[in-house]
Amino acid sequence: MTDKQKTYCLINYGCQMNESDTEHYAGQLEELGYKPIADYHGADVIIINTCCVRESAEKKIAGKIGELKAEKRANPDVVICVAGCMAQKDGEKLVKKHPQVDLLLGTAYVNDFKRLFLEYLEDRKGKIYTDLTIHQSEFEGHMVRQSPFHAWIPIMYGCNNFCTYCIVPYVRGRERSRSVENIVAEIKAAVADGYKEFTLLGQNVNSYGKDFGEKDAFAKLLRTVDAIPGVERIHYMTSHPRDMSEEVIKAVAEGEHICEGFHVPFQAGSSEILRRMNRGYTKEKYLALIDMIRKYVPDAAITTDIIVGFPGETEEDFAETLDVVRRVGFTSAFTFIYSKRSGTPAAKMENQVPLAVKKERLNRLMALQNESSLHCHEKLVGKTVEVLADGPSKQANVWGGRTRTGVLVLWPVEDKKYEVGQKVNVLVDTAQTWLVKGKAVD
Ligand code: SAH
Ligand code: SF4
Ligand code: F3S
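Computed from a prediction, not measured in an experiment: that's the story for all the values here. (Residues numbered from 1 in each chain as written. Chains lettered and ligands numbered in written order. Predicted model: local features only at pLDDT ≥ 70, side-chain atom pairs only at ≥ 80, totals over all residues. Heavy atoms only, no water.)

J.: Looking at this model, I keep getting lost on the packing of aromatic side chains. Mind explaining?
T.: The geometry of an aromatic ring pair is captured by the separation of the ring centres together with the interplanar angle, meaning the angle of the planes. Scanning the model with the defined rule gives 14 aromatic pairs in all. Ring geometry for W399 versus Y418: centroids 5.8 Å apart, planes at 45°, classification tilted. Placement of W399 in strand β16 (residues 398-402) and of Y418 in the loop between β17 (408-412) and β18 (423-431) is noted, with a sequence separation of 19 residues between them. The exposure class assigned to Y418 is buried, which follows from its relative accessible area of 13%. With a centroid separation of 5.6 Å and an interplanar angle of 85°, the aromatic rings of W411 and Y418 are classed as edge-to-face. Summarising the burial analysis for this pair, W411 and Y418 share the class buried. Above the ring of Y195, the side-chain terminus of R145 is found at 5.5 Å from the ring centroid. (Phe/Tyr/Trp six-rings, centres within 6.5 Å; stacked < 30°, edge-to-face > 60°. Helix = DSSP H or I, 4+ residues; strand = E, 2+ residues; numbered from the N terminus. Buried < 20%, exposed > 50% of the residue type's maximum accessible area, 1.4 Å probe, protein only. Lys NZ or Arg CZ within 6 Å of the ring centre and 35° of its normal.)

J.: Would you mind going over the packing of helix α7 (residues 217-226) against helix α8 (residues 246-254) with me for this structure?
T.: It is at 8 Å that the axes of α7 and α8 come closest, and there the two elements cross at 15°. It follows from the interaxial angle that α7 and α8 lie roughly parallel. Handedness of the α7/α8 crossing: right-handed. In this structure, α7 uses F218, A219, L222 and R223 to contact α8, whose residues at the interface are E247, V248, K250, A251, V252 and E254. Residue composition of the contact of α7 with α8, grouped by class: six nonpolar, no polar and four charged. (Axes fitted to C-alpha atoms, helices over the stretch in contact; angles between N-to-C directions. Parallel < 35°, antiparallel > 145°, perpendicular 65-115°, else oblique. Left-handed = near helix turned anticlockwise from the far one by under 90°. Contact = heavy atoms within 4.5 Å. Nonpolar A, V, L, I, M, F, W, Y, C, P; charged D, E, K, R; others polar.)

J.: Help me out: how do you make sense of the site of ligand 3 in this one?
T.: Residues in contact with ligand 3, as listed here, are G14, C15, N18, C51, C52, V53, C85, R172 and Q203. Across the shell around ligand 3, the residue classes tally to five nonpolar, three polar and one charged. (Near = heavy atom within 4 Å.)

J.: Teacher, can you tell me more about the environment of L374 here?
T.: Here L374 lies in helix α12 (residues 355-378). L374 gets classed as partly exposed once you look at its relative accessible area, which sits at 28%. Between the alpha carbons of L374 and V436 there is a distance of 9.2 Å; along the sequence they are 62 residues apart. Discounting residues that sit within four places of it in the chain, L374 has contacts with A431, Q432 and T433.

Have a look at this one:
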């Protein structure tokens, strides 16, 4: 008699770094012979990979963990593992509140998951791992990636910036970079598996390699990855405006495969708010950086993150944020309402902005940004763009994919057959706020 096939279900929240960690958990479970299932009911292992960057994320995740109480009752042998940033932050408190959780794994144990999981299976005694000082950096093992052609590649972990609103440095620990050799080996292995598009990940990629004491290490890494045969597109995120250097912009301008999308979060337009956020630049410096990007890469698509309602933000401060949006013309922006994170300096600042004011500012900001997105997309009408096909869209007989700068493109398939990851040239004829449409031309 053969054993029943063991199954796992992964539920991921949060940023690309978490998606990448989740792909690593999947890789380790598959090495142990587990197979994925989409619905957690009846799974042998459930991992919830958590985020705590804003209160709204935490509430949603707490609801999901709560749901699993019924699953544990129905299926007492299931191993419930809560991993990631919220696990790191709340540790034992989280397990006390949700006793159905068997294994709690902070953010530094991703590489070690397989060993800790097998140890758990030996005695089935609940365990909590939240030590951040073990500082893993090199990647071992293999990933089970979500996409067949695009790969997340973490190049560094942690953050040293301590922006005063942000919880990430407390839950991800200090910056540590992977070695160039370790990164290149992962990319070469992925190319051999058919991958062609790569996103290099870090909370602040521009400080890559500072822990090795190397100057311009990130620009050099970009050039090294650009030269790997088979690599077709390179993206990277996130760039901190304070650390983004001319060398990196030159590498993008000169590199054949390094895409022209620049994700440079500015967070707020008022220099006084930026100072209190501990961002290390002013409005003028940010705008000068954008000018430098446009000088070297005239068709750059610039995207950003913005927070409204930081403590003490006045109407005049907010007007400076709108001014930056107007001047730069971002292709898209992630816009957030400031969320108080206990333990961060901003949580203790006076003059917290009332929720109604924050919401009203967010609405005005989004309306302005939508105009800007539409305007950027209108510039593509009449042009032929290179798209990597993601697959069929929600509409029948229409496929979707992304340009080198991340713009979503839809086109009718007509009688042609496409493959996921295929390069398709599309002549754009229609621009909308969130996407463009056109016809395939070859
Ligand atoms: N390291 C990246 C991303 C950090 S988290 C960076 O520095 O840009 C992604 C975004 O979440 C941030 O850019 C910021 O805009 C937002 N964010 C972080 N903390 C927040 C908070 N307390 N409230 C609202 N938004 C927040
Ligand atoms: Fe948070 Fe700032 Fe670090 Fe980004 S750079 S993760 S916003 S502390
Ligand atoms: Fe990412 Fe959320 Fe952690 S944004 S780093 S998963 S707090």
